Amino acid sequence: MRVIARDAPIVVLTGAGISRESGLATFRDKDGIWAKVRLEDVATPEAFARDPARVHAFYNARRRQLRDPAVQPNAAHLALARLSQEWPGGVTVVTQNVDDLHDRAGTANLIHMHGELTKARCTACGAVMPWLEDLSLDTRCPACGATGTLRPHVVWFGEMPLAMDRIYAALDACALFVSIGTSGAVYPAAGFVAEVRGRARTLELNLEPSKGSQLFDEAIHGPATVLVPAFVARLLGPA
């Protein structure tokens, strides 16, 4: 990767691959989550309307997994957090992940475009609140008192990702776009590289080539816990 000026803004997009080495399953691998459960059954507004108990059970299990002491930010999360805190030009980290590993690593200027598993949202009053426990149809909203109106604060298929204006503003201003651990199969995130191509340097760091790998100026393949710390060290020097 060509060295960029230290006052150049950077945008980093992360996907499930960055959390895989922390023990969290990816979605689209042959042994991933969508190989075991149909997304139409648990990850759409229609699924929630049809069978909210099943959807709650799916996300309750995933939320409990995040509370497992063995699930911790890995070397890739920690390296990105360092970059976000120390890079003079500023870094915007956009994650497709609903886990909280970037947050726990200390990442600055973080955007959860697909929401956060550790929050709940009320469909009655719109309140969004931290939530670490199970949700059910009997759960009462702490904000408005309604029962059965809380849902996971995650973006389901068919819903608009969050903070898109802020994301596109960061893409418009960046000099380097880096995609880490994402399949390149889910839009609009899969289109970010085309958005900046030709006016910003682009780099893919992924376990294997993504669906859009050929669109990047450079693609390096291997484990995130190896590639991301090495990339950050190239920019900032050794930790």
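Scroll up for the structure.
Residues numbered from 1 in each chain as written. Predicted model: local features only at pLDDT ≥ 70, side-chain atom pairs only at ≥ 80, totals over all residues. Heavy atoms only, no water.

Colleague: Before we go on, may I ask you to explain the overall build of the chain in this structure?
Modeller: When you go through the chain residue by residue, the secondary structure sums to eight helices and nine strands. A globule of 239 residues ought to have a C-alpha radius of gyration of about 18 Å, and the chain, at 18 Å, matches this closely. By principal-axis analysis of the C-alpha atoms, the chain measures approximately 55 × 35 × 35 Å. Contacts in the chain between residues at least 24 apart in sequence constitute 63% of all its contacts with a sequence separation of at least 6. When the accessible surface of the chain is summed, it comes to about 10800 Å², and 53% of that surface belongs to carbon and sulfur atoms. (Helix = DSSP H or I, 4+ residues; strand = E, 2+ residues; numbered from the N terminus. Rg over C-alpha atoms; globule rule 2.2 N^0.38 Å. Contact = heavy atoms within 4.5 Å. Areas by Shrake-Rupley, 256 points an atom, 1.4 Å probe, with all protein chains shown as cover.)

Colleague: Can you walk me through the pattern of salt bridges in this structure?
Modeller: When their charged atoms lie close together, side chains carrying opposite charge are able to pair. Tallying each qualifying case throughout the model produces nine salt bridges. Note that Asp 41 is salt-bridged to Arg 50, the shortest N-O span being 4.0 Å. Judged by its relative accessible area of 16%, Asp 41 is buried. Residue class for Arg 50 comes out exposed when judged on its relative accessible area of 55%. A salt bridge links Asp 172 to Arg 199; the nearest nitrogen and oxygen atoms lie 3.4 Å apart. Here Arg 199 lies in the loop between α7 (192-196) and β8 (201-206) and Asp 172 lies in helix α6 (residues 164-173), a separation of 27 residues in the sequence. Arg 199 gets classed as partly exposed once you look at its relative accessible area, which sits at 41%. Several salt bridges share partner residues, and in doing so they unite Asp 41, Arg 50 and Arg 54 into one network. (Salt bridge = Lys/Arg side-chain N within 4 Å of Asp/Glu carboxyl O. Buried < 20%, exposed > 50% of the residue type's maximum accessible area, 1.4 Å probe, protein only.)

Colleague: Is there a simple way to think about the environment of Leu 171 in this case?
Modeller: Take Leu 171: it is sitting in helix α6. Considering only alpha carbons, one finds Leu 171 and Thr 225, 54 residues apart in sequence, at a separation of 25 Å. Each residue touching Leu 171, except ones within four places of it in the same chain, is listed here: Val 11, Phe 177, Phe 192, Glu 195, Val 196 and Arg 199.

Colleague: Just checking my understanding: could you explain the pairing of β8 for this structure?
Modeller: Along any regular strand the residues' side chains alternate between the sheet's two faces. Burial analysis of β8 places five of its six residues in the buried class, which makes it a mostly covered element. Pairing geometry for strand β7 (residues 176-180) and β8, over five bridges, is parallel. Its bridge partner being in β8, Ile 180 is matched across the sheet by Leu 205. (Pairing = 2+ DSSP bridges.)

Colleague: Looking at this model, I keep getting lost on the packing of aromatic side chains. Mind explaining?
Modeller: In the structure shown here, the tally under the stated rule is five aromatic pairs. An angle of 45° between the planes, with centres 6.3 Å apart, marks the rings of Tyr 59 and Trp 156 as tilted. A residue pair is termed long-range when its members are at least 10 positions apart, and Tyr 59 in helix α3 (residues 52-66) and Trp 156 in the loop between β6 (150-154) and α6 qualify at 97 residues. For the pair formed by Tyr 59 and Trp 156, the shared burial category is buried. Taken together through their ring pairs, the aromatic side chains of Phe 48, Phe 58, Tyr 59 and Trp 156 make up a single cluster. (Phe/Tyr/Trp six-rings, centres within 6.5 Å; stacked < 30°, edge-to-face > 60°.)

Colleague: Just to check I follow, could you spell out the sheet that holds strand β2 (residues 91-95) for this structure?
Modeller: Across the sheet, six strands lie side by side as β3-β2-β1-β7-β8-β9; this open sheet has parallel pairing. Where the open sheet ends on each side, the last strands, each with one partner, are β3 (110-112) and β9 (218-221). Across this sheet, the average inter-strand angle for adjacent strands is 15°, counted without regard to direction. Its contacts with the sheet put helix α8 (residues 224-236) on β1 (10-14), β7, β8 and β9, and the angle it makes with β8 is roughly 145°. (Axes fitted to C-alpha atoms, helices over the stretch in contact; angles between N-to-C directions.)

Colleague: Whenever I open this one, the side chain of Asp 99 confuses me. Can you help?
Modeller: Take Asp 99: it is sitting in the loop between β2 and α5 (101-105). Arg 62 provides the closest opposite charge to the buried, salt-bridge-free Asp 99, at an N-O distance of 6.4 Å. Only 2.8 Å separates the side chain of Asp 99 from the side chain of Ser 19, close enough to count as a polar contact. A polar contact of 3.0 Å, which involves the side chain of Asp 99, links it to the backbone nitrogen of Leu 101. (Lys, Arg positive; Asp, Glu negative; His and termini not counted. Polar contact = N/O pair within 3.5 Å; in protein donor to acceptor, adjacent residues only side chain to side chain.)

Any functional reading would require information that these geometric values do not contain.
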